[in-house]
Amino acid sequence: MQGAQEKKVFYRSPGKEYPQVERARGVYIYDTTGKKYLDGASGCVVANIGYGVTQVADAMGETAAKISYVHSSTFTNQPQEELARCLAGATPGELNHTYFVSGGTEANETAMSMALQYHIQKGSKGKYKFIGRTLSYHGSSFGTLSVASNTARRRLFSPLLLPFPLIPAPHCYRCHYGLSYPACGLLCAKALEQVILAEGPENVAGFLVEPVIGTSAAASVPPAEYFPLVREICDRYDVLLIADEVLCGYGRSGKFMALEHWQVEPDLLTLGKGLGGGYAPLAAVMVQERIHRVFCENWGKFVHGYTYQGNPVCCSAGLAVFRYIRQEKLFEQLPEKGDFLFKGLKALAKDHPIIGDVRGLGFLLGLELVRDASSKESFSKEVQAAEKARKISMDKGLLLYTGVGGTADIMPRDYLLIAPPFVISHSEMEELLSILDASLTEVEEKLL
Ligand SMILES: Cc1ncc(COP(=O)(O)O)c(C=O)c1O
């Protein structure tokens, strides 16, 4: 603790010792002691194109030298214009307009604000409530915490949070209703209609969801009919469907937009993390043409804003990341690579009784660690099984991401997210699986 007092940084966990990073290239990070880590989680599902891509760094440098900053109320800039055009072209249907911000929390907070103002301009002043789901995380602001289930982060601030309703997330491994798909009849989707009716449709502005659940349930994928049904219900009551794809979007799930897996379009789509690829803080809200039109034809402005929105240097990083993905055909490789990794994890599950479930889509994969795979009995919270696995893996040179402590839900579960940079090679995936194998063996020796 004394060492921490001498240092001048206020760390995420004051008192904890952090290795200092020296450099990174491809899928590897090196610390100042020379230790090498294979990044199996792209940081926190951010570094999608890997580290050290000089064409991104060059683009940022060129933009910074030309125009480092402009205030968005006065000017637009070329990288922002160009990136918005690329995103409109990459998303299906009429998701044509993009509002750029700096991070996922800002994106979701902005989307909520946009949804409210959209309804007000249309004359539905009462529509101010948002519905969220259990097993969700949308950011650290009071607004986004109000519409998520994350107890660890909500508890401290509960007096300041808004009393928005949450419905059970679709999570078949541990169904909220104790049922099995498809006999369940999709009760988790039907709960949306019940809650809209209970709150009064005239009061409900939007439904905020992570199409593939990230840190709160380690890559849990909904059943096929879930999103088509949700879309229908939202349309019936003029409730905007806001897809939080900050983590699962931008190719991570194997499609540009995760909702494409179910041929569903959201009204608003939030992106973050991989959009800047870790090269710059960048996130976005994309909106349907008809929503944008309401802002054009009524107030002519969106009453909101951040100092750094649409920053030229950040947008040039985003544009260079987008171009790199296209140039290297990274999205195209994901289904095959994802399949390779998924099969590798499934094979590990045969040898490791501690693996209760392997799940996910594309390059967003998750493991749930359990004491007993047949009964799905979890470890108690104190055991910190996933955290132990993360630490042991890190000692062995593999970085994994766990929701425990930060984004764990009301029921503490042991999750490991495996989401390496898209550029990982097959031999690097084999290395990842081999270190994970050795790490899980060590965890089992300690815990089982
Ligand atoms: C699904 C989801 N939404 C929003 C956020 C918040 O993003 P940020 O940390 O960039 O504010 C996160 C962060 O982990 C996330 O996973």
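Residues numbered from 1 in each chain as written. Predicted model: local features only at pLDDT ≥ 70, side-chain atom pairs only at ≥ 80, totals over all residues.

Novice: How do you make sense of the overall build of the protein chain when you look at a structure like this?
Specialist: The helix and strand tally for the protein chain stands at 14 helices and 14 strands. In summary, the protein chain has a C-alpha radius of gyration of 22 Å against a globular reference of 22 Å for 448 residues, a match within 12%. Across its three principal axes, the protein chain shows a C-alpha extent of roughly 65 × 60 × 50 Å. With 448 residues in all, the protein chain has 50% of them scored as buried. (Helix = DSSP H or I, 4+ residues; strand = E, 2+ residues; numbered from the N terminus. Rg over C-alpha atoms; globule rule 2.2 N^0.38 Å. Buried ≥ 20, exposed ≤ 12 C-beta atoms within 10 Å, placed from the backbone.)

Novice: Looking at this model, I keep getting lost on the packing of helix H4 (residues 78-90) against helix H11 (residues 312-327). Mind explaining?
Specialist: Angle between the axes and distance between the axes: these two values describe a pair of packed helices. Look at H4 against H11: their axes get within 8 Å of each other, and the N-to-C directions meet at 35°. Crossing geometry of H4 relative to H11 is assigned as left-handed. Across the interface between the two elements, Pro 79, Gln 80, Glu 82, Leu 83 and Cys 86 of H4 pack against Pro 312, Cys 315, Ser 316, Gly 318, Leu 319 and Phe 322 of H11. Across the contact of H4 with H11, the residue classes break down as seven nonpolar, three polar and one charged. (Axes fitted to C-alpha atoms, helices over the stretch in contact; angles between N-to-C directions. Left-handed = near helix turned anticlockwise from the far one by under 90°. Contact = placed C-beta atoms within 7 Å. Nonpolar A, V, L, I, M, F, W, Y, C, P; charged D, E, K, R; others polar.)

Novice: Sorry if this is basic, but what is going on with the site of the ligand here?
Specialist: In the vicinity of the ligand, 15 residues are found, and the nearest of them are Gly 103, Gly 104, Thr 105, Val 246 and Leu 247. Of all the elements, helix H5 (residues 104-121) adds the most residues to the shell around the ligand, at three residues. For the shell around the ligand, the class distribution of residues is four nonpolar, nine polar and two charged. (Near = placed C-beta within 6 Å.)

Novice: Is there a simple way to think about the nonpolar core in this case?
Specialist: Buried together is how nonpolar side chains tend to be arranged in soluble globular proteins. Counting residues in hydrophobic clusters, the biggest one holds 131 residues, and the most contacted among them are Ala 284, Ala 317 and Leu 417. Per element, the largest residue contribution to this core is 10 residues, and it comes from H11. Counting contributing residues per domain, this core is built from domain 1 (2-52 + 329-447) and domain 2 (55-327), each supplying no fewer than three. (Core = buried A, V, L, I, M, F, W, Y, C linked by C-beta atoms within 7 Å. Domains from an automatic or database assignment.)

Novice: Would you explain the environment of Tyr 306 in this entry?
Specialist: Topologically, Tyr 306 is positioned in the loop between helix H10 (289-297) and H11. With 16 C-beta atoms packed within 10 Å, Tyr 306 lands in the partly exposed category. For Tyr 306 and Gly 272, which are 34 residues apart along the polypeptide, the C-alpha to C-alpha distance reads 16 Å. If near-sequence neighbours (up to four positions away) are discounted, Tyr 306 is found in contact with Val 101, Ser 102 and Glu 106.

Novice: Would you explain the domain arrangement of the protein chain in this entry?
Specialist: The parts lose accessible area when they come together, and the size of an interface is often stated as this lost area. By the assigned domains, the protein chain splits into domain 1 (2-52 + 329-447) and domain 2 (55-327). Just the C-alpha atoms count here: the centres of domain 1 and domain 2 sit 25 Å apart. The set of elements that each furnish at least two residues to the side of domain 1 that touches domain 2 consists of helix H2 (42-45), helix H12 (330-351), strand S11 (355-361), strand S12 (364-369) and strand S14 (414-418).

Novice: How should the sheet that holds S14 be read in this particular structure?
Specialist: The strands that make up a sheet are held in pairs by hydrogen bonds between backbone atoms, and each pair lies either parallel or antiparallel. On the basis of which strands lie adjacent, the open sheet formed by three strands has the order S11-S12-S14 and antiparallel pairing. Of all the strands in the sheet, just S11 and S14 have a single pairing partner and so form its edges. Sheet twist, expressed as the average angle between the axes of neighbouring strands with direction ignored, equals 20°. Alignment of S11 against S12, held across six bridges, turns out to be antiparallel. By the bridge assignment, Gly 360 is partnered in S12 with Leu 365. Of the strands in this sheet, S11, S12 and S14 touch H12, which is tilted by about 170° from S11. Packing against the sheet, helix H13 (residues 385-395) makes contact with S12 and S14, and its axis sits at approximately 40° to S14. (Pairing = 2+ DSSP bridges.)

Novice: Before we go on, may I ask you to explain the sheet that holds strand S1 (residues 21-25) in this structure?
Specialist: Sheet architecture is open: four strands sit in the order S1-S2-S3-S13, paired in mixed fashion. With one partner strand each, in any of the chains shown, S1 and strand S13 (398-399) form the two edges of the open sheet. Two strands pair when backbone bridges link them, and S1 and strand S2 (residues 28-31) are joined in this way by four bridges, in the antiparallel orientation. Considered in S2, the bridge of Arg 25 is made with Tyr 28.

Novice: Explain the pairing of strand S8 (residues 240-244) to me, please; I cannot follow it from the model alone.
Specialist: Each regular strand displays side chains that alternate between the two surfaces of the sheet. Burial of S8 is extensive: five of the five residues sit out of reach of the surface. Of the two faces of S8, both are covered, the one formed by Leu 240, Ile 242 and Asp 244 as well as the one formed by Leu 241 and Ala 243. Taken together, the four bridges between strand S7 (residues 204-209) and S8 define a ladder with parallel strand orientation. Among the inter-strand pairings, Phe 207 is bridged to a residue of S8, identified as Leu 241. As for the winding sense of the linkage, the β-α-β connection from S7 through helix H9 (residues 226-236) to S8 is right-handed. Relative to strand S9 (residues 268-271), S8 is paired through three bridges, and the arrangement is parallel. Directly across from Asp 244, in S9, lies its bridge partner Thr 270. (Right-handed = clockwise from strand over helix to strand, strands pointing away.)

Novice: Could you clarify how one ought to interpret the pairing of strand S5 (residues 129-133) in this entry?
Specialist: Burial within S5 is extensive, with five of its five residues counted as buried. Here S5 shows a buried face lined by Lys 129, Ile 131 and Arg 133 and a second buried face lined by Phe 130 and Gly 132. Relative to S7, S5 runs parallel, the two being bridged by three bridges. Residue Phe 130 lies in a different strand from S7, and its bridge partner there is Gly 206.

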